[in-house]
Amino acid sequence: MEINRPSIKVTQVIFIITILLVRVQFGTTISEPDDTDEPNDTDEPNDTDEPDDPEQQKLFQCVSGNMDSKRVRLYLGLDNLVVDCMLRKKPGGSARQYQNQLKLYTSSGLLPTMAIYNSTNSATFSFKLIMNASTWRVNVPRYNITINTVAAPVDEWYVEFSMFHGFSMFSSKGSILDTLKGTLLDVAREPILQWTIGEELSSRIIEPHLHRVLQLQVSQSPCAGDVAVLAPVFAPGGHTGVILSVTKSAFTAQGRWFNATRSLCSLINEVCVSGCAGISIVDLKLTNCHLFLLTNRGLFISQDLLSPVTGTLNFTLLFLPALAQMDYSATTLWFSSQCVTDRIYFSDDTLSLISNEGEGENLHSRCVYSKYPFTRWLLCQASAVDIAKNPKHRYLSFLHDRHQHTGLLLSHTEQQGAMVSVFGVKAEELFQRHTKFPPVILDFQPRGIFLLDNHVILYGSEVWTSSDRGSTFTWVFSLDNQIVIDALSCTVIGVVVFFTDHGNLYIMKSGLARYAWLNETLDVASTLLCGHMGILTAVQLDKDKPSGFSYRNIEIDHLIEKHEMSFDKALALQYTTDHTVLLHENAVINDHANGNNPLTVAPASHFSPDHVGKVIYFSDGGMVVITEVFRTHYLKGFSGVVVGEILEPIKGASLNAEPVQLYDLLVKKGEPEGLIVTLQLKDLDPSQGFNMSHVGKAVVAPGFSSYLITGLLPSGSALAKPTMPALVLPLTSHRSGEWLLFHSAGRGSWGMKEGPCRHALQSLNGVRNNALMRINVREKLNFTFKAFMSDYSLSMVYHKKFMRVVLTNPLAIRVTARHSWDDTNNHMLTLTAFSHLCKKATTTVTVYIPEASLLCRSSSFTFTLQNSCPEGLQIVYVSQQPISDHEWIHADPEDHMDNKRLFNLPVNYRPPSQLGVLIPTSDNIYNADPSHPRPREHYPISKNSGRYKQCAGKRSAEECGCTDILKVSPLAINSDCRQRVLRLTFPVTDFNITLFLRRTNHADHPLCSPYFVTVTEVNNRTSWKVTGTHATPTMDRMRQYLEDSLKNNLYNPEGLQISLYGSELFHFRISVIPGVVLCDLVEEVQIYVDEPPLAFPTQHLVNNMAAIILGGLLLFGFLLIYNGVAMPTKSSIKTLLKKHKPTISPTRTQNSTTTQGPE
């Protein structure tokens, strides 16, 4: 969809600068046209989308419908999308002031714009001023957003309202350039919203059963995060049945409640499965095309949600022989949610069902899986080799990895622990019985697998992550006395949320093997949702709310900032430059007291790689951000070291607190290696020297080694460990003022928490985060990213590589990286993607900054490259003198010889056949009109052929609904609406067919090798021939290779020529051969041959008779001249043809006289 960006004038820029100098009060309001929000009760939590701080509110408010909502939620139905925006009214301001302010914006050319976008498309619409209503309004026809209306998995749109379109890169939270954001949901196409799932009920139906709710099972729509199905799980013993709730607003507004018990029980009673009493829900999954309900009586699958006939949703009870004797209440349902809008990728939807009963030797574990359309179920189990080693595997999770086309099986054995097996795909899209590579064995208590676009995550008592799709894993964190029971992905903000059996929440940044604990507890009877806008929400049932739900938003960033991660170890500060330091972690305090020897083996470091980006702050002042972590140390007595950059100057102890800093310091090396030194204060009484309060503190002398005090000597001296023994001389003296005491003895003296965001990542190609980029075969795409310091500081390392890249499937699409730096030392990364394989493949590219803080919203960028047919890719025929659509319908174009170029087809026209001109046999009817008779139907074969398409079942051409687009379409499926075709006069010899490759937002390119084509005549006419093509060795080899699979010859589109030997309409279909591109590229060309010669033998007879007559006339003239016969002249002919007037006189008789005399 083409982006329409309004221009920004100089006056607009001046006006923006003026606005920046004025304090404006802002606010946001948006409403839902088809839904009503819950009342804003005093006990309702505030929505994060509408802050209470006026400085963080927007410049204007927007309304669509009659009711207000807490954030932007728009719904697209079959009608136009109408949105009104108005300026935020100042408290106490008059209507006149408001009108003047409105005119001020309008006179400066500033109008709100509404930008909508999803993973593949984007569009921008401008508002118009409505003075009578004192608002700006935009009225967008549905076809300007999407043409289709049938139910299908479609991306939910993001919406951005802005008064200053094009200035988003300068916007910041709380500024007037900040945009108003929200979502636009196509409720006319979202599959699950088109159905009624059983008997529809009021939300009050759940009130009597609230005390029996154990948990809430939720499954969100793969393509629309705000659409979800929820099922309360009740304690056994009741007769609640299966109750479901469907929402289109992430359960923040009124939804629909259904009772599906009766429809499910009717299926159970049909097969006589132990009755339906006590049926309850166990789990549910919403896929792209089906809704699965797992109950304690079996697994139910809904009918296809994309069916054109909607109404009551029907279910089918699946019979799974492998689980026939298993308890369904002890089973789990696994599905890796992914948005699939292309039908060729529907087969990637894979659902697995796992059942476990018993323990130890009595363990019975089963795993089955099925792929779309879920008609065939197969076993998933460990490989034969692994089963032979240990037959008792407890299967926990099985998921399909669409990037690598593999199956990941998580199992657990008592002897080995957790085991991850990765199975490849064999023929018929089934998983192989042997693993792709040796299984990964990890010693922890696993619970499940979670698939991200860029990582595979294992969770349980520990969390592990894999960036190579299951070959190796990296430890992230461990838990004591609790276990992670589920995970949730917020793709928009790049966060994975883990919640444990104790209700604690942990998050991990997508792409980073780092985590943070959220000081938030989740109730056991509530559930987490991450909406389409990336807002994390805790939802629970509430009888006091009209919708039946109450919710609260979880402030992730605010909770991360509060997470304290320090530990009780002393740190020794060592300056490396004036802005970078090393912090050495002490292994044991007092390990040198009383002359003890240093430790031979240092314990494990408390620092870990996930601490990169964290900030260490000191009680005396100063902050250091961690950039690198080393968990081992080359010196005895230290367990680890971190590298950091100074954010705030580090302060030592004050002279009042530590007066010993007023004296000179003498450092004596105690052994040749310099691992122990003695610190002595000059000219100071031993009783006033170092004491126990100094143990754990560090002596810092810039330019020299630092010393960590670990013990005391009776003489008032101190024992210390140098951080850099190689720099320690046998005797070193530091004057007063050249050294200081640094207090970091343990917890309380220093702390560690998540640091502020200092990095940002920017895409220089305008590609949005989480975008889906379709790449064509043999196509090359470039993506450029820039990493820079968002706090306006400069990188202290010359040409430092901030960014890293992770690919989920490196073999699918060839991606190369090139690093560079601009003039200000900002890191530039250019990725070049080249599609070298003609097969269905997907790879997700993640560019991220490893050392960025978890508080950064723009430190990672993810997009998906899909090897498929790009949107709008087609081949088109372009004549040497192009004819516009307007000329096709309304004009009568002519060529340079004044010949008409278009021919008007007769009503209900059908072209000739091999049997003759008057005996059409084609099923295609052109210029159809059911109200008129069909000509040329003199024979039964003509009467029994010919079918209406667009006009089927219609009574006249007006009812056929032929639009201008259908009238100019050359496709046979639109032949009913085709009224005019290209006209050529007989003979047609070596007619050039020039084809171009056309793509949305790209220039046309001539179609050439290897896009070889086949040519067929749609109406089975044979009086034509391909007489020209540019023959190449590649074309000859392809002809030989595809000789058996292709029914027609292939041709090179370059130099393609056709000769026509018949008359009237020829309809050619030109198709690109399979294997060149991942879609069907077809173009159709219609040519009408006019002014043909008479048909045989009439033409020959006419020619012969004309020759005989002409020859006879010439012979007759010759004979007259030869015999001297005077040839008639012009005057003689006129005399011969001259007419004379006749004379009329009386008739004479015998008695009559002619003379008269005088009387």
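Predicted model only: the values in this text are computed from it and were never measured. (Residues numbered from 1 in each chain as written. Predicted model: local features only at pLDDT ≥ 70, side-chain atom pairs only at ≥ 80, totals over all residues. Heavy atoms only, no water.)

Turning our attention to the sheet that holds strand β11 (residues 213-220). Strand order across the open sheet formed by five strands is β10-β14-β13-β12-β11, with antiparallel pairing between neighbours. What marks the edges here is a single partner per strand, and that holds for β10 (199-201) and β11. Averaged over all adjacent pairs, the angle separating strand axes in this sheet is 30 degrees, with direction ignored. Looking at chain direction, β10 and strand β14 (residues 256-259) are connected through three bridges and run antiparallel. Within the sheet, the bridge partner assigned to E200 lies in β14 and is F258. (Pairing = 2+ DSSP bridges. Helix = DSSP H or I, 4+ residues; strand = E, 2+ residues; numbered from the N terminus. Axes fitted to C-alpha atoms, helices over the stretch in contact; angles between N-to-C directions.)

Let's shift gears to the sheet that holds strand β22 (residues 377-379). If you trace the four strands from one edge of the open sheet to the other, you get β19-β20-β21-β22, paired in antiparallel fashion. Across the chains shown, the open sheet's two edge strands, defined by having one partner strand only, are β19 (331-335) and β22. Sheet twist, expressed as the average angle between the axes of neighbouring strands with direction ignored, equals 25 degrees. The pairing of strand β21 (residues 364-371) with β22 spans three bridges and is classified as antiparallel. Within β22, the position partnered with V368 by the bridge is L379.

Most of strand β59 (residues 860-867) sits inside the fold, with eight of its eight residues counted as buried. By the bridge criterion, five bridges tie strand β53 (residues 771-775) to β59 in an arrangement that is parallel. Bridge assignment links L772 to a residue of β59, and that residue is T864. Two elements, strand β58 (residues 841-848) and β59, share eight bridges in a ladder whose sense is antiparallel. Pairing of Y848 across the sheet is with S860, part of β59. (Buried < 20%, exposed > 50% of the residue type's maximum accessible area, 1.4 Å probe, protein only.)

The next point concerns the UniProt feature "transmembrane region" (unreviewed entry) in the protein chain. Mapped onto the present numbering, the UniProt feature "transmembrane region" (unreviewed entry) falls on residues 1105-1125. Its end C-alpha atoms 28 Å apart, residues 1105-1125 is made of 86% helix and 0% strand. (UniProt positions renumbered as here; feature names shortened; annotations may be inferred.)

Attention shifts here to a nonpolar patch on the surface. Taken together, the side chains of M1105, I1108, I1109 and L1113 make up a nonpolar region of the molecular surface, amounting to roughly 440 Å² of accessible area. If you trace the backbone, M1105 turns up in helix α10 (residues 1098-1122). (Patch = residues over 30% accessible without salt bridge, like charges linked within 9 Å, V, L, I, M, F, W, Y side chains within 5 Å. Areas by Shrake-Rupley, 256 points an atom, 1.4 Å probe, with all protein chains shown as cover. Salt bridge = Lys/Arg side-chain N within 4 Å of Asp/Glu carboxyl O.)

A separate point is the environment of K786. In this structure, K786 sits in strand β54 (residues 780-789). When the C-alpha positions of K786 and L829 are compared, they lie 6.4 Å apart, and in sequence the two are 43 residues distant.

Inspection of the entire model under this criterion finds seven disulfides. The partner cysteine of C757 in its disulfide is C856, sulfur to sulfur 2.1 Å. An S-S torsion of about 110 degrees defines the bridge between C757 and C856 as right-handed. One end of the pair, C757, is in the loop between β51 (750-754) and β52 (759-763); the other, C856, is in the loop between β58 and β59, with 99 residues separating them in the sequence. According to the relative accessible area criterion, C757 is partly exposed, its value standing at 28%. Residue classification places C856 among the buried residues on the basis of a relative accessible area of 0%. (Disulfide = S-S within 2.5 Å.)

In this structure, L458 and F498 are the most contacted members of the largest nonpolar core, which totals 44 residues. Of the residues forming this core, the biggest block, five residues, is contributed by strand β25 (residues 417-425). When near neighbours in sequence (up to four residues on either side) are disregarded, F498 contacts I457, Y459, V463, F477, V484, D486, A487, N504, L505, Y506 and M508. Counting residues in each nonpolar core, the second largest holds 39 residues, with Y1051, L1056, L1060 and V1076 among its members. (Core = buried A, V, L, I, M, F, W, Y, C linked by side-chain atoms within 4.5 Å. Contact = heavy atoms within 4.5 Å.)

Let's shift gears to the side chain of S245. In this fold, S245 is placed in strand β13 (residues 243-247). Exposure remark for S245: the relative accessible area of 1% places this residue in the buried category. From its side chain, S245 meets the backbone oxygen of R256 in a polar contact 3.4 Å long. Filtering out sequence-adjacent residues up to four positions away, S245 remains in contact with A228, V229, L230, F251, R256, W257 and F549. (Polar contact = N/O pair within 3.5 Å; in protein donor to acceptor, adjacent residues only side chain to side chain.)

Going from Y372 to P373, the amide bond is cis rather than trans, its omega being 10 degrees. Position of P373 among the secondary structure elements: in the loop between β21 and β22. In this structure, the amide linkage connecting F986 to the following residue, P987, adopts the cis form with an omega of 0 degrees. Considering the arrangement of structural elements, one finds P987 in the loop between β62 (980-985) and β63 (988-992). Here the phi dihedral of D990 falls at roughly 50 degrees; this positive angle occurs in a residue that is not glycine. Here D990 shows up in strand β63.

Taken as a whole, this structure holds 24 salt bridges when the rule is applied. In this structure, the salt-bridge partner of D186 is R142, at a minimum N-O distance of 3.0 Å. Taken together, the residues D186 in strand β9 (residues 180-186) and R142 in the loop between β7 (135-140) and β8 (157-162) connect sequence positions 44 residues apart. By relative accessible area, which is 5% here, D186 ends up buried. Looking at R142, the relative accessible area reads 6%, which means it is buried. With its nearest N and O atoms 3.2 Å apart, the salt bridge here joins E1091 to R983. One end of the pair, E1091, is in the loop between β71 (1082-1090) and α10; the other, R983, is in strand β62, with 108 residues separating them in the sequence. Given the relative accessible area of 53%, E1091 is considered exposed.

Most of β25 sits inside the fold, with eight of its nine residues counted as buried. Pairing geometry for strand β24 (residues 406-413) and β25, over seven bridges, is antiparallel. Bridging across to β25, H412 finds its partner in A418. The pairing of β25 with strand β27 (residues 440-442) spans three bridges and is antiparallel. When the sheet's bridge partners are listed, V420 is paired in β27 with V440. Bridge count for β25 against strand β26 (residues 431-435) is two bridges, and the pairing is antiparallel. Along β26, the bridge assignment pairs F423 with T435.

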